[in-house]
Amino acid sequence: SMGIKQVNKESLDDIINKEVYSLILDNAKEEVFNLNINYIKVNKDTRSNKNEILKLSKYIQNQLKIKKEYLDMQEKQKDIIRSLKNKHKEYQDNLENLITKQNRVSDLLGNLSILKNTELKKETDDIKRKKRLERERLARQKKANKKKELDRKKRLERLARLTEENIRKRAKLDNKKVTTKEIKKEVKKETKNIKFISKKKLDDDINIKVKKIGSSTKGIKISKYYGRKTIAPLKDYTIVKKFGKYYDSVYNIELFNESISLKPKKTNSKVYNVFNGEIVYAKNNSGLLANVVIVKHSKGLHTIYSHLDKISPTLKVGKWIKKGYVVGRVNNILQFQATKNSRYIDPEKLFRK
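Residues numbered from 1 in each chain as written. Predicted model: local features only at pLDDT ≥ 70, side-chain atom pairs only at ≥ 80, totals over all residues. Heavy atoms only, no water.

**Points about the overall build of the protein chain**
When helices and strands are tallied, the protein chain shows six helices and 13 strands. Taking all contacts inside the protein chain whose residues are at least 6 apart in sequence as the whole, residues at least 24 apart take part in 71%. Summing over all exposed atoms, the protein chain offers an accessible surface of approximately 24100 Å²; the carbon and sulfur share of this is 53%. (Helix = DSSP H or I, 4+ residues; strand = E, 2+ residues; numbered from the N terminus. Contact = heavy atoms within 4.5 Å. Areas by Shrake-Rupley, 256 points an atom, 1.4 Å probe, with all protein chains shown as cover.)

**A short note on the sheet that holds strand 11 (residues 326-330)**
Taken together, the three strands give an open sheet; going across it, the order is 5-11-9, and neighbouring strands pair in antiparallel fashion. With one partner strand each, in any of the chains shown, strand 5 (269-272) and strand 9 (310-311) form the two edges of the open sheet. Here strand 5 runs beside strand 11; their pairing, made up of four bridges, is antiparallel. In the strand pairing of strand 11, Val 271 is matched with Gly 328. (Pairing = 2+ DSSP bridges.)

**Things to note about helix 2 (residues 12-111)**
Over its 100 residues, helix 2 extends 145 Å from the first C-alpha to the last, a length consistent with the 148 Å expected when each residue adds 1.5 Å. Two residues or fewer past helix 2, Ser 113 is found with a positive phi of approximately 60 degrees. (Expected span 1.5 Å × (residues − 1).)

**Regarding the environment of Val 105**
Mapped onto the fold, Val 105 is located in helix 2. Sequence-wise, Val 105 and Leu 288 are 183 residues apart; in three dimensions their C-alpha atoms are separated by 9.6 Å. Those residues in contact with Val 105 that sit more than four places away from it in its chain are Leu 289 and Gln 337.

**A look at the packing of aromatic side chains**
Counted under the stated rule, the structure contains four aromatic pairs. Arranged with centres 6.3 Å apart and planes meeting at 70 degrees, the rings of Tyr 237 and Phe 351 form a pair that is edge-to-face. Placement of the pair is Tyr 237 in strand 1 (residues 237-241) and Phe 351 in the segment after strand 13 (343-344), with a sequence separation of 114 residues. Classification of Tyr 237 as partly exposed rests on a relative accessible area of 23%. (Phe/Tyr/Trp six-rings, centres within 6.5 Å; stacked < 30°, edge-to-face > 60°. Buried < 20%, exposed > 50% of the residue type's maximum accessible area, 1.4 Å probe, protein only.)

**Here we look at the confidence of the model for the protein chain**
In the predicted model, the protein chain carries a mean pLDDT of 79, and 76% of its residues have values of at least 70. pLDDT under 50 marks residues 195-200. Its contacts with residues more than four places away, or in other chains, come to 11 contacts. Predicted confidence is poor over residues 211-217, with pLDDT under 50, and the contacts of this stretch with residues over four places away or in other chains come to 17 contacts. (pLDDT = per-residue confidence, 0-100.)

**Description of the pattern of salt bridges**
Opposite charge on two side chains permits pairing when their charged atoms draw close. According to the stated counting rule, one finds four salt bridges in the structure shown. Among the ionic pairs, Asp 79 bridges to Arg 82, the shortest N-O distance being 2.2 Å. Residue Asp 79 and its partner Arg 82 are both found in helix 2; the two are separated by three residues, about one turn of the helix. (Salt bridge = Lys/Arg side-chain N within 4 Å of Asp/Glu carboxyl O.)

Pasting the structure below:
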C-alpha cells in the first residue's frame, strides 16, 4: 500500500519512506524466514515425539500383555500345585496302605506259623543304612531348596525392576511426576501376590509314617523255587505288578513286593487253587486284605489268595481241596503270594508257561 502511494513521488520524504519501506520489507522477510525455520523444527520435534509416544505405547502394551501372561501362568501354577498336592497326598496314602497290607499278610502268616516271627524283623545294619540314606536325601533336598529360594528372590527383584521402569515410563508419557515412595508402593502392589511354592512346602506335608517306611521295612527272606510247575490261579490275566524289590523315586526308599498282582480280563473271574492242599485259613472281610484264603501244600509250600471279591461258600478250614478247585472269584486285582519253608518265593515261577 505504501509502495503504491509513493510510486510517482520523488521528494526527500518519498526517498526516506522508500528506504524505510525497504528496511521493513527486509526485516519482515528475515522474520518470516526465522518463523519457517522454527516451524520446521517444531514439526520435526512433533514427529519425533509422536514416534516416541508410539514406541512407549507399544512397549507398555507389550508389558501389559507379558504381565497378563505371567498372571495366567501364575494361576495355572497354583492349580498345578494344588493338583500335585492332592496327588501327593493320594500317593502317600496308597503307599502307606500298601505297606500296611503287606504287614498284615506277614503278621497273619507269622501267627499261622507259616513264616517264622524272627524272620519278620529287619536287621540292625539295614535300618542304619536306610536312616543314613534318608539323612543324605534330606541334606540334598535342603541344598536344592536354598538354590530355589535364591532363584525366587532373583526373579522377584527382576520383576520389581521391570515394574519400576514401567511406572517411570508411564509417568513420563502422561507428563506426571512420581515420588520414590509411590514407586515402592506400586512395586509392592504388583509383586505381593507372587508366590513361588518350593519343594520344601510339599515335603512338609509328607506323612511322617510314610517317610519312615523305608527304614522300617521288614526283613525279607527269599528262596528260589525248583519244584514242579502248575496252573495259574486265573485263566486269562495280565500281571500288573511283579514280585521283588523296587525303588520308590518319590521318597528315595527301597520297598519289597512279596506278591504278584494279577488282573483278570473279565469280571467275576474264577480263582483256582494251584496245587492239591489243605485250607488253613479262609476269612471274609479281613480288613485291608478283603477276603483271604491260605492253602497248605506239600513240602512246606503255602499259597495265599487275597483281595478276593467272593470266597467259595464250600471252603472251610481243614478241608482238603484238589488242584483247580475254585477258591473264590475276583473282579479287579488278585494278590497272589507263595512261601516255602518260611521263605518267600516268586509266585510267577509256579506257573507253567
